[in-house]
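For reference, the chains in residue letters:
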Amino acid sequence: NRQNNHENEFVSESAALRVRKIAILHAEDLLPWQRLNVAAFTISGVAATPSAVGEAYRDASGYEYLPMFNEPVLVFGASADEMKRTAGRARSRGVAFSVFTQDLFSTFNDEDNRGAVAAVETDALDIVGMAFRTDRSVADKILKGLKLLK
């Protein structure tokens, strides 16, 4: 524990130093354009979570740019079995994640995307991509055994 200098109360070190991680996973056998597509769509779900994005950027001339994530983003490749295992680990720990299934390569709008996922039972989803944001220690357990893309 450490003392909070502002209010003279104690806060736990873990609460004061909460470190998160953002992870993107995609199937190893996807084509390059599919990998980029999966990453773009799944990470948009993470961006929608509270406090995931930092402040806007501004150059020396005063032009403002969109904000970006304020935490590291790590990208992993996974086999079909690893993807199922990783999704199961996230679910069992209550970690919300965005999901991209093989069927979504055949749809062209958000409504059809959601319909394609809704039509399949959880255990039968053919997940080819996912992304999440959680505490680093939890993320490490979910991602155990996966390798970063090079």
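Analysis parameters
One numbering rule holds for all chains: residues counted from 1, following each sequence as written. The predicted origin of the model limits local features to residues at a pLDDT of at least 70 and limits the giving and counting of side-chain atom pairs to 80 or more, whereas totals for whole chains, interfaces and linings rest on all residues. Only hydrogens and water are set aside; all other atoms, that is, all heavy atoms of the structure, feed into the side-chain values. Here the term buried applies to any residue with accessible area under 20% of the maximum for its type, exposed to any over 50%, and partly exposed to those in between, with areas from a 1.4 Å probe on protein chains only. Strands here are runs of E lasting at least two residues and helices are runs of H or I lasting at least four, both read from the DSSP assignment and numbered beginning at the N terminus. What the arc measures is the spread of directions leading from the helix axis to the C-beta atoms. Any two strands between which DSSP finds at least two bridges are classified as paired. For patch building, the residue pool is restricted to those with more than 30% relative accessible area and no salt bridge; the joining distance is 9 Å between like charges and 5 Å between nonpolar side chains (Val, Leu, Ile, Met, Phe, Trp, Tyr). Residue exposure ignores everything except the shown protein chains as possible cover, and the areas themselves are Shrake-Rupley values with a 1.4 Å probe. Should a side-chain nitrogen of Lys or Arg be within 4 Å of a carboxyl oxygen of Asp or Glu, the pair is scored as a salt bridge. Between two residues, a contact is recorded if the distance between any of their heavy atoms is within 4.5 Å. Working convention: axes come from line fits to C-alpha atoms, limited for helices to the stretch in contact. Angles between N-to-C directions cover 0 to 180 degrees. Residues belong to a common nonpolar core when they are buried Ala, Val, Leu, Ile, Met, Phe, Trp, Tyr or Cys residues joined through side-chain atoms within 4.5 Å. To estimate how far a helix should reach, multiply one less than its number of residues by 1.5 Å.

Asks: Would you explain helix α5 (residues 136–143) in this entry?
Replies: In an α-helix there are 3.6 residues to a turn, and that puts residues three or four apart on one side. Turning to α5, its buried residues number three or more, namely A139, I142 and L143. Mapping the buried residues of α5 onto a view down its axis gives an arc of 90°, with all of them on the same face. A positive phi of about 95° marks G145, the residue just after α5.

Asks: Looking at this model, I keep getting lost on the pairing of strand β3 (residues 20–27). Mind explaining?
Replies: The two faces of the sheet receive side chains in turn, since in a regular strand these alternate between them. Among the eight residues that make up β3, seven are buried, leaving the element largely enclosed by the rest of the structure. Pairing analysis gives seven bridges linking β3 to strand β8 (residues 127–135), with the strands arranged antiparallel. Each residue of the ladder has a partner; that of A23, found in β8, is F132. Here β3 runs beside strand β6 (residues 73–78); their pairing, made up of six bridges, is parallel. Looking at the pairing, L25 lines up with F76 of β6.

Asks: Just to check I follow, could you spell out a nonpolar patch on the surface for this structure?
Replies: A cluster of nonpolar residues, Y57, Y63, Y65 and M68, forms a patch on the protein surface that exposes about 460 Å² of accessible area. Structurally, the position occupied by Y57 is in strand β4 (residues 57–58).

Asks: Explanation requested: the sheet that holds strand β7 (residues 97–101) in the structure shown.
Replies: Within a sheet, neighbouring strands are paired by backbone hydrogen bonds and run either parallel or antiparallel to one another. Across the sheet, which stays open at both edges, the five strands sit in the order β7-β8-β3-β6-β9 with mixed pairing between neighbours. In this open sheet, the two edge strands, each paired with only one partner strand, are β7 and β9 (147–148). Here β6 runs beside β9; their pairing, made up of two bridges, is antiparallel. Among the inter-strand pairings, F76 is bridged to a residue of β9, identified as L148. Running over the sheet, α5 touches β3, β6 and β8 and is turned about 155° from β8.

Asks: Whenever I open this one, the nonpolar core confuses me. Can you help?
Replies: Across soluble globular proteins, nonpolar side chains show a tendency to be buried alongside one another. In this structure, L25, M130, F132 and L143 are the most contacted members of the largest nonpolar core, which totals 16 residues. Every element with two or more residues in this core is listed here: β3, β6, α3 (80–92), β8 and α5. Discounting chain neighbours no more than four positions away, the residues touching F132 are K21, I22, A23, L25, V46, V95, A96, F97, A139, I142 and L143. By size, the runner-up hydrophobic cluster in this structure holds eight residues, among which are A27, L30, L104 and V128.

Asks: Could you clarify how one ought to interpret the pattern of salt bridges in this entry?
Replies: Within the structure shown, the criterion is met by four salt bridges. The closest approach of N and O atoms between K21 and D140, which form a salt bridge, is 2.4 Å. Taken together, the positions of K21 in strand β3 and D140 in helix α5 put the pair 119 residues apart, joining distant regions of the chain. Of the residues examined, K21 reaches a relative accessible area of 13% and is grouped as buried. When its relative accessible area of 37% is taken as the criterion, D140 is described as partly exposed.

Asks: Looking at this model, I keep getting lost on helix α2 (residues 32–47). Mind explaining?
Replies: Counted at 1.5 Å a residue, the expected span for α2 with its 16 residues is 22 Å, and the 22 Å between its end C-alpha atoms agrees. Every buried residue belonging to α2 is among Q34, V38, A39, T42, I43 and V46, and all of these are buried. Angularly, the buried residues of α2 cover 145° about the axis, an arc narrow enough to put them on a single face. Against β3, β6, β7 and β8 lie the buried residues of α2.

Asks: Got a minute to help me understand the environment of F41 in this structure?
Replies: You can see F41 is positioned in helix α2. Of the residues examined, F41 reaches a relative accessible area of 47% and is grouped as partly exposed. For F41 and G129, which are 88 residues apart along the polypeptide, the C-alpha to C-alpha distance reads 9.1 Å.

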